[in-house]
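Overview (structure and organization)
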Amino acid sequence: MMKVMGATTTRLTFEEFERLPDQPGKRELLKGELIESPPADFAHNEIAHRIYEVLNASLTEGHARADAMQLGKVYHEMGYQFPGDAYVVPDVSVTHADQPVNRYLVGAPALAIEVISSSNSAEDLATKTDLYFQHGAREVWLVYPKTRHVVVYADGVPRIVRTNETLTTLLLPGLALSVAEILGE
């Protein structure tokens, strides 16, 4: 089904999704359901940019030390296509080293990070998180700016990281990402 400001219409195939006209904002396809979000505001993009910069630097160092060779590149708002009429655009992502690419990256990134805004529904976030893991993600981070915490999903277990704590991941040994810093404190 297509959700547009409370309206519901028919489901879309990926081919139909690709033919939609361009418009401002973000479009994703979750199991055939079109999810449209308004353009991200400045604060949202700043948080995503801070995460991108720290991850990119950490990944470069990890590649130099040869302890992150299973990872590819860090991206901001890159599209990933999944089988079954699904296409997602995480705010920040880290690919697998051997991530397949056709017209879009295929399968889930190794790490998907979503900065949560008021336009995100709990149902859509749960569906996206499930899709990420079904298609190869190793971790998913949900960053909640309003409530000042991050939920890290790894090994099927959610872990809450609060403002005064530091994010770490087994994917990037040595990464220490202050939640307060990424949220702009």
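Reference entry: report on the structure contained in this document. (Residues numbered from 1 in each chain as written. Predicted model: local features only at pLDDT ≥ 70, side-chain atom pairs only at ≥ 80, totals over all residues. Heavy atoms only, no water.)

Look at helix 3 (residues 122-134): 18 Å from first C-alpha to last across 13 residues, which is about the 18 Å you get at 1.5 Å a residue. Within helix 3, burial applies to Asp124, Leu125, Thr127, Lys128, Thr129, Leu131 and Tyr132. (Helix = DSSP H or I, 4+ residues; strand = E, 2+ residues; numbered from the N terminus. Expected span 1.5 Å × (residues − 1). Buried < 20%, exposed > 50% of the residue type's maximum accessible area, 1.4 Å probe, protein only.)

With that out of the way, let us pick up the nonpolar core. Counting residues in hydrophobic clusters, the biggest one holds 27 residues, and the most contacted among them are Ile51, Leu55, Trp141, Val150 and Leu167. Every element with two or more residues in this core is listed here: helix 2 (42-65), strand 5 (71-76), strand 8 (92-96), strand 10 (111-115), strand 11 (139-144), strand 12 (149-154) and helix 4 (179-182). Sort the elements by how many residues they give to this core and helix 2 lands first, with five residues. Leaving out residues up to four positions away in the same chain, Val150 has contacts with Trp141, Leu142, Val143, Arg159, Ile160, Val161, Leu167, Val179 and Ile182. Within the second largest apolar cluster, 17 residues are counted, among which are Leu105, Leu125, Leu131 and Val151. (Core = buried A, V, L, I, M, F, W, Y, C linked by side-chain atoms within 4.5 Å. Contact = heavy atoms within 4.5 Å.)

Further remarks concern the packing of aromatic side chains. Using the criterion set out here, one finds six aromatic pairs in the structure. Taking 5.4 Å as the distance between ring centres and 50° as the angle between the ring planes, the aromatic pair formed by Phe17 and Tyr87 counts as tilted. Within this pair, whereas Phe17 is found in helix 1 (residues 14-18), its partner Tyr87 is found in strand 7 (residues 86-88), the two being separated by 70 residues in sequence. Residues Phe17 and Tyr87 agree in their burial class; the two are buried. Their ring planes at 75° and their centres at 5.2 Å tell us that Tyr87 and Tyr104 sit as a pair that is edge-to-face. Pair noted here: Tyr87 is in strand 7 and Tyr104 is in the loop between strand 8 and strand 9 (105-106), with a separation of 17 residues, a long-range link. The same class applies to Tyr87 and to Tyr104, which are both buried. Among the aromatic side chains, those forming a connected cluster through ring pairs are Phe14, Phe17, Tyr87 and Tyr104. (Phe/Tyr/Trp six-rings, centres within 6.5 Å; stacked < 30°, edge-to-face > 60°.)

Taking 1.5 Å of rise per residue, the 24 residues of helix 2 would be expected to cover 34 Å, and the 34 Å separating its terminal C-alpha atoms lies within 8% of that figure. Within the sequence span of helix 2, burial applies to His44, Ile47, Ala48, Ile51, Leu55, Ser58, Leu59 and Gly62. Tucked into the core, helix 2 has its buried residues touching strand 5, strand 8, strand 10, strand 11 and helix 4. Capping of helix 2 at its N-terminal end is provided by Asp41; its side-chain oxygen lies 3.4 Å from the backbone amide nitrogen of Ala43. Of the residues one or two after helix 2, Ala66 is the one with positive phi, at around 65°. (Polar contact = N/O pair within 3.5 Å; in protein donor to acceptor, adjacent residues only side chain to side chain.)

What follows concerns the sheet that holds strand 8. Across the sheet, which stays open at both edges, the six strands sit in the order 5-8-10-11-12-13 with mixed pairing between neighbours. Whereas interior strands pair on both sides, the edge strands pair on one side only; in this sheet they are strand 5 and strand 13 (157-162). Geometrically, the sheet is characterised by an average inter-axis angle of 15° between neighbouring strands, direction not taken into account. Pairing between strand 8 and strand 10: three bridges, direction antiparallel. Each bridged residue has a counterpart across the sheet, and for Val92 the counterpart in strand 10 is Ile113. Across the sheet, helix 2 touches strand 5, strand 8, strand 10 and strand 11, and the angle it forms with strand 5 is around 160°. Along the sheet, helix 3 makes contact with strand 10, strand 11 and strand 12, crossing strand 11 at roughly 155°. (Pairing = 2+ DSSP bridges. Axes fitted to C-alpha atoms, helices over the stretch in contact; angles between N-to-C directions.)

Our next topic: the environment of His135. One can find His135 in the loop between helix 3 and strand 11. If we ignore the near neighbours within four places in the chain, the residues touching His135 are Phe82, Pro83, Gly107 and Ala108.

A few words now on the pattern of salt bridges. Opposite charge on two side chains allows them to pair when their charged atoms are near. Evaluated as defined, the whole model comprises seven salt bridges. Note that Lys26 is salt-bridged to Asp91, the shortest N-O span being 3.5 Å. Here Lys26, found in strand 3 (residues 26-30), pairs with Asp91, found in the loop between strand 7 and strand 8; they are 65 residues apart in sequence, far enough to count as distant. Here the two residues Lys26 and Asp91 agree in accessibility, since each one is buried. Residue Glu28 is joined to Lys128 by a salt bridge in which the shortest nitrogen-to-oxygen separation is 2.7 Å. Of the two residues, Glu28 sits in strand 3 while Lys128 sits in helix 3, which places them 100 residues apart along the sequence. The class for Lys128 is buried, based on a relative accessible area of 4%. Via salt bridges that share partners, Glu28, Glu114 and Lys128 belong to a single interconnected network. (Salt bridge = Lys/Arg side-chain N within 4 Å of Asp/Glu carboxyl O.)

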